[in-house]
Amino acid sequence: MGETHRVVYWIQRLSEFALIGWLSLLLLIDLAIAASNDEWTAWLNALCGVVGVLAVLWRRTRRVGGFAVLLVTSFVFTLVIGIVGVRGGPGLAETGSLLILTIGGLRWIEPIRRAALFSVASMIVLETAAGRLPQGNMALGMGFLVFVGWSFAAAVGAYLRFQLERRKEAVSFVRRAERLELARELHDLVAHHITGIVVQAQAAKIVAEQKPEAVVPSLEAIANAGADALTSMRRLVSVLRAEDEAARTPGSRLADMRIMVERFSAGGPRVAFDIGQGITDETLAPEVMTTLHRVLQESLTNVRRHAPGAGWVEADLRLFAGSGGQDGPDRRASNGRQTPRNPPGRAMGTVRLRVRNYGSAADVRVSRLGGGFGLVGMAERVEALGGRLVAGPTPEGAWEVLAEFAV
């Protein structure tokens, strides 16, 4: 997968070089036309082309500003040329830059009404510049060609915007689904804790009648169960209150994770799964165990789906003592929610699950399909519990998924 990312990176870079090279060629033609023309106004087209090339170069950091400057510059130069009384069409680099910025503006500028406004403004500026030609068939033909070019650019930009909105909607749907799934799971855990409290309270009442000295341990167990219930309830409420923020089986055990790894190894790349010292079924909160189970499951599924040529997979679960350490997440999650206070009897520190796959030659047929939403769902579940999830290539050429929780 690391090789795939490098290929995509260089394709993007080469596309950018080709685009700038094409605009530079158009600008050279504008300069040649201006040099062979006796009218000084011909240099205005070349100057506007320079502004257009700079606006395209800076479109990722100054998208709206560069677009607006080019529109104003082009329109002002058209007025100047019209006042002087010189005839001539728009510059080639100027036209090309406006069409490119129209595509990018319709795709990225927010809100969409603002993007549409810039798009219409570019059409008006281009048609006004085309009107500088002498009246007749030449002006009519130039106006038609400019409109066809603008229509094509607007259609491409609108299609890309449609795809972007569809992906945003799909991501939002995945996040809501994961949040609701986690909420259902936490509801079951809270109900389990409360049921235990009720049972222990009833037992303590009976014991108090016969052995009053044995009530204290029962009360301590009730307090611990109540703390667990409050912790799960806080997490449940924080998930339900999240407007845009996010397992299948509540209370997954370490044995379930080992069984899942063994089944994956039987039908796919060999997995080396290591669980560090100090981690047991009682060490971590049930909702954290379930989320770790889900992250491991999704990571292995992604290896089988997107890296069928993976040589082997390395997975480890570690518990680091202390308040999180250098690599551990902060007590406040990236989504702004405060990590709940640890219940009595739980480990203090950071738990980390890391999954790496090596020797993963990318499958071209799969790469063409684009990215899925598994990482989005995993990130929602992890962040909803106050943790963080990082996924991407490593310097060694492996693909790594890292999930951390402050526990």
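This structure is a prediction, so every number in the text was calculated from the model and none was measured.

A word on the overall build of the protein
Right, on to step 1. A count of helical and extended segments in the protein gives 11 helices and 5 strands.
Right, on to step 2. Considering the protein as a whole, with its 407 residues, one finds that 45% of them fall into the buried category.
Right, on to step 3. Only carbon and sulfur atoms are counted for the fraction: they give 62% of the accessible area of the protein, which is about 21,800 Å².

Observations regarding the packing of aromatic side chains
Right, on to step 1. Inspection of the entire model under this criterion finds 2 aromatic pairs.
Right, on to step 2. The cationic tip of Arg 62 hangs over the ring face of Trp 58; the distance from NZ or CZ to the ring centre is 5.3 Å.

Describing a nonpolar patch on the surface
Right, on to step 1. Taken together, Leu 25, Leu 28, Ile 29, Leu 31, Ile 33, Trp 40, Trp 43, Val 84 and Leu 92 make up a surface patch of nonpolar side chains, about 840 Å² in accessible area.
Right, on to step 2. Counting residues per element, the nonpolar patch draws most heavily on helix H1 (residues 2–35), at 5 residues.
Right, on to step 3. With respect to the element layout, Leu 92 can be found in helix H4 (residues 92–108).

Some points on the sheet that holds strand S4 (residues 388–393)
Right, on to step 1. The strand order across the open sheet built from 5 strands is S1-S2-S3-S5-S4, with neighbouring strands paired in mixed fashion. Pairing within the sheet leaves two strands with one partner each, and these edge strands are strand S1 (270–275) and S4. For this sheet, the mean angle separating the axes of adjacent strands, direction not counted, is 10°.
Right, on to step 2. Inspection of the sheet shows strand S3 (residues 349–358) paired to strand S5 (residues 399–406) by 8 bridges, in the antiparallel sense. Counterpart to Leu 353 in the pairing with S5 is Ala 403.

Some details on the UniProt feature "transmembrane region" (unreviewed entry) in the protein
Right, on to step 1. As recorded in UniProt, the sites labelled "transmembrane region" (unreviewed entry) are residues 14–34, 40–58, 65–86 and 139–160.
Right, on to step 2. Taken end to end, residues 40–58 has its terminal C-alpha atoms 28 Å apart, with 84% of it in helix and 0% in strand.
Right, on to step 3. As a span, residues 65–86 carries 91% helix and 0% strand, and end to end its C-alpha atoms are 29 Å apart.

Some details on the pattern of salt bridges
Right, on to step 1. Counting across every chain of the model gives 11 salt bridges.
Right, on to step 2. When the shortest N-O distance is used, the salt bridge between Glu 110 and Lys 168 registers 3.0 Å. Residue Glu 110 is found in the loop between H4 and helix H5 (112–130), and its partner Lys 168 is found in helix H6 (residues 137–210); the two are separated by 58 residues along the sequence.
Right, on to step 3. A residue is classified by how much of its surface remains accessible, and Lys 168, at 39% relative accessible area, is partly exposed.
Right, on to step 4. The residue Glu 404 makes a salt bridge to Arg 388 at a minimum N-O spacing of 2.9 Å. Note that Glu 404 is positioned in strand S5 and Arg 388 in strand S4, a separation of 16 residues in sequence.

Quick notes on the pairing of strand S2 (residues 312–321)
Right, on to step 1. With 6 bridges joining them, S1 and S2 adopt parallel strand pairing. What sits directly across from Arg 270, in S2, is Trp 312.

Quick notes on the confidence of the model for the protein
Right, on to step 1. In the predicted model, the protein carries a mean pLDDT of 76, and the fraction of residues at 70 or more is 74%.
Right, on to step 2. Across the protein, element-level confidence peaks in H4 with a mean pLDDT of 91 and bottoms out in helix H10 (residues 364–367) with 37.
Right, on to step 3. Throughout residues 243–251 the model reports pLDDT below 50, and contacts reaching past four residues in sequence, or to other chains, amount to 36 contacts.
Right, on to step 4. Taken as a whole, residues 323–347 scores under 50 in pLDDT and shows 58 contacts with residues more than four places along the chain or in a different chain.

What to know about the environment of Phe 144
Right, on to step 1. If you trace the backbone, Phe 144 turns up in helix H6.
Right, on to step 2. Taking relative accessible area as the criterion, Phe 144 reaches 56% and is therefore assigned exposed.
Right, on to step 3. Counting along the chain gives 14 residues from Phe 144 to Ala 130, while the straight-line C-alpha distance between them is 9.2 Å.

Points about helix H2 (residues 42–57)
Right, on to step 1. Taking 1.5 Å per residue, 16 residues should reach 22 Å; H2 reaches 24 Å between its end C-alpha atoms and fits that length.
Right, on to step 2. When we look at burial in H2, the residues that qualify are Ala 42, Leu 44, Asn 45, Ala 46, Cys 48, Gly 49, Gly 52, Val 53, Ala 55 and Val 56.

Remarks on the side chain of Thr 102
Right, on to step 1. Structurally, Thr 102 can be placed in helix H4.
Right, on to step 2. Judged by its relative accessible area of 0%, Thr 102 is buried.
Right, on to step 3. With near-sequence residues (within four places) excluded, Thr 102 lies in contact with Phe 67, Ser 119, Ser 122, Trp 150 and Ala 154.

Details of the nonpolar core
Right, on to step 1. In this structure, Phe 273, Leu 292, Val 295, Leu 296, Val 351, Leu 353 and Phe 405 are the most contacted members of the largest nonpolar core, which totals 33 residues.
Right, on to step 2. Broken down by element, the residue count for this core peaks at 7 residues, all from helix H9 (residues 286–306).
Right, on to step 3. Within the second largest apolar cluster, 31 residues are counted, among which are Leu 26, Leu 27, Val 56 and Ile 81.

The rules we used
Residues numbered from 1 in each chain as written. Predicted model: local features only at pLDDT ≥ 70, side-chain atom pairs only at ≥ 80, totals over all residues. Heavy atoms only, no water. Helix = DSSP H or I, 4+ residues; strand = E, 2+ residues; numbered from the N terminus. Buried < 20%, exposed > 50% of the residue type's maximum accessible area, 1.4 Å probe, protein only. Areas by Shrake-Rupley, 256 points an atom, 1.4 Å probe, with all protein chains shown as cover. Phe/Tyr/Trp six-rings, centres within 6.5 Å; stacked < 30°, edge-to-face > 60°. Lys NZ or Arg CZ within 6 Å of the ring centre and 35° of its normal. Patch = residues over 30% accessible without salt bridge, like charges linked within 9 Å, V, L, I, M, F, W, Y side chains within 5 Å. Salt bridge = Lys/Arg side-chain N within 4 Å of Asp/Glu carboxyl O. Pairing = 2+ DSSP bridges. Axes fitted to C-alpha atoms, helices over the stretch in contact; angles between N-to-C directions. UniProt positions renumbered as here; feature names shortened; annotations may be inferred. pLDDT = per-residue confidence, 0-100. Contact = heavy atoms within 4.5 Å. Expected span 1.5 Å × (residues − 1). Core = buried A, V, L, I, M, F, W, Y, C linked by side-chain atoms within 4.5 Å.

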